[in-house]
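Letter by letter, the chains look like this.
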Amino acid sequence: MMDIAEIRKYLPHRYPFLLVDRVVELNLGESIVAYKNLSINEPFFDGHFPDLPVFPGVLLVEAMAQAAGVLGFKSQDKTPADGSIYYFVGADNLRFKRPCVPGDRVMLRAKILGDRRGIWKFEVSSDVDGELAASATILCADRKA
């Protein structure tokens, strides 16, 4: 289990772009389960969309990638303070299945599929109350900051 203070050690993102609130399960070198609580007070809901607030899909993908980043950093026992950063470099088979709205707790899941020369491949998904919201295979490059 990781709270926001520990998450901030492993992700360089800060408000309003830090999209992982808590890690509830972590299997080093294998998988992670985290979540993002959605509140109507989030700045993106003002414009996306004013009368029907929906968590932007690109931010949902980013949240899944951030969870994968925590998994990658923790698995390598590295932090951004060590001079390392993960860049999100690709997504395949991206599918959105349901909108995420204020009040939802979006569960973020990632599994390591492999790594080659600093390019990590993850299977990621998100769900709300057990209902799939989105899934993809993503690539992240571990590079010097």
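Residues numbered from 1 in each chain as written. Predicted model: local features only at pLDDT ≥ 70, side-chain atom pairs only at ≥ 80, totals over all residues. Heavy atoms only, no water.

Novice: Kindly report on the UniProt feature "active site" (unreviewed entry) in the chain, identifying the contributing residues and their values.
Specialist: The positions that UniProt labels "active site" (unreviewed entry) are, in the present scheme, His-48. Counting through the fold element by element, His-48 comes out in the loop between strand 2 (31–37) and helix 2 (57–76). What makes His-48 partly exposed here is its relative accessible area of 24%. Apart from residues lying up to four places away in sequence, His-48 is in contact with Pro-53, Val-54, Phe-55 and Pro-56. (UniProt positions renumbered as here; feature names shortened; annotations may be inferred. Helix = DSSP H or I, 4+ residues; strand = E, 2+ residues; numbered from the N terminus. Buried < 20%, exposed > 50% of the residue type's maximum accessible area, 1.4 Å probe, protein only. Contact = heavy atoms within 4.5 Å.)

Novice: How would you explain helix 2 if you had to name every residue and give the values?
Specialist: Between its first and last C-alpha atoms helix 2 spans 29 Å; for 20 residues at 1.5 Å apiece the expected length is 28 Å, and the two agree. Judged by how many residues are buried, helix 2 sits mostly within the fold: 16 of 20 residues are covered. Immediately downstream of helix 2, the backbone of Asp-77 shows phi near 55°, a positive value. (Expected span 1.5 Å × (residues − 1).)

Novice: Give a description of the pairing of strand 4 (residues 105–116) that names residues and reports values.
Specialist: As paired strands, strand 2 and strand 4 are joined by 7 bridges and run antiparallel to one another. What sits directly across from Lys-36, in strand 4, is Val-106. Of the pairings in the sheet, the one linking strand 4 to strand 5 (residues 119–128) comprises 9 bridges and is antiparallel in character. Opposite Met-107, over in strand 5, you have Asp-127 as the bridge partner. Linking strand 4 to strand 5, which pair antiparallel, is a turn of 2 residues; within it Arg-117 sits at a positive phi near 50°. (Pairing = 2+ DSSP bridges.)

Novice: I'd love a proper account of the pattern of salt bridges, names of residues and values included.
Specialist: Tallied over the entire structure, the rule returns 6 salt bridges. Put simply, Lys-78 and Asp-142 hold a salt bridge, and the shortest N to O gap is 2.8 Å. Residue Lys-78 is found in the loop between helix 2 and strand 3 (84–96), and its partner Asp-142 is found in strand 6 (residues 131–144); the two are separated by 64 residues along the sequence. A residue is classified by how much of its surface remains accessible, and Lys-78, at 24% relative accessible area, is partly exposed. Since its relative accessible area comes to 12%, Asp-142 is described here as buried. The salt bridge involving Arg-98 is made with Glu-131; its shortest N-O contact spans 3.4 Å. In this pair, Arg-98 sits in the loop between strand 3 and strand 4 while Glu-131 sits in strand 6, placing the two residues 33 residues apart along the sequence. Beyond isolated ion pairs, a larger network of salt bridges with shared partners links Arg-98, Asp-104 and Glu-131. (Salt bridge = Lys/Arg side-chain N within 4 Å of Asp/Glu carboxyl O.)

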